[in-house]
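Given next are the chains, with one letter for each unit.
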Amino acid sequence: MGNSVIVTLEKELFSVDAVNLATYKLSGQMSVEVKVARSTFECELSPLDGAELESLKIQFLREVNDQELRIRIAHQTENERNLILAFAFSRTGLDGGSN
């Protein structure tokens, strides 16, 4: 394990997409090795720039939470977003209609 810290995330609380998005966003500051277990994601965080391990852990947890909330909000507001987009594009004249 050396200069790394393990963060365990429950699959029941976090999606693989949230873990992947957080990993990608923080890839310039840390490397993340994700191992999938039966009910958890085991994420091994290693600093790229000598950052403190506790700081990495906090930053990663914040980012995973942020990404999970973004995914949930996007899912919950999908119908409204599609309605707004349909209305906006219905007034462009791009469909050949005579709006």
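All of these numbers come straight from a predicted model, not from anything done at the bench. Residue indices begin from 1 for each chain and proceed along its sequence in written order. Restriction of local features to residues with pLDDT of at least 70 applies here, the model being predicted, together with a cutoff of 80 or more for giving and counting side-chain atom pairs; totals for whole chains, interfaces and linings are based on all residues. Heavy atoms throughout the structure, all of them, feed into the side-chain values; hydrogens and water do not.

Enquirer: Tell me about the side chain of E44, and name the residues and values.
Expert: Each helix corresponds to a stretch of at least 4 residues labelled H or I by DSSP, and each strand to a stretch of at least 2 residues labelled E; elements are numbered beginning at the N terminus. Turning to its location among the elements, E44 is positioned in strand β3 (residues 40-47). When a residue's accessible area, from a 1.4 Å probe over protein chains only, is under 20% of the maximum for its type it is buried; when over 50% it is exposed; and in between it is partly exposed. A positive count includes Lys and Arg, and a negative count includes Asp and Glu. His and the chain ends are not counted in either. Any carboxyl oxygen of Asp or Glu within 4 Å of a side-chain nitrogen of Lys or Arg constitutes a salt bridge here. The charged side chain of E44 is buried without a salt bridge, its nearest counter-charge being K35 at 4.9 Å. Pairs of N or O atoms are called polar contacts if they sit within 3.5 Å, as long as, within protein, a hydrogen donor faces a hydrogen acceptor (for residues adjacent in sequence, only side-chain-to-side-chain pairs). At 2.8 Å, the side chain of E44 forms a polar contact with the side chain of S4.

Enquirer: A description of the sheet that holds strand β2 (residues 30-36) should follow, citing residues and the corresponding values.
Expert: One open sheet accounts for three strands, arranged β1-β3-β2; its pairing is antiparallel. In this open sheet, the two strands that pair with only one neighbour each are β1 (5-10) and β2. Across the sheet, the mean angle separating the axes of adjacent strands is 25 degrees when strand polarity is ignored. Note that β1 and β3 share six bridges and pair antiparallel. When DSSP locates at least two bridges between a pair of strands, those strands are taken to pair. Axes, fitted as lines to C-alpha atoms, cover a helix only where it is in contact. Angles between the N-to-C directions of the axes lie from 0 to 180 degrees.

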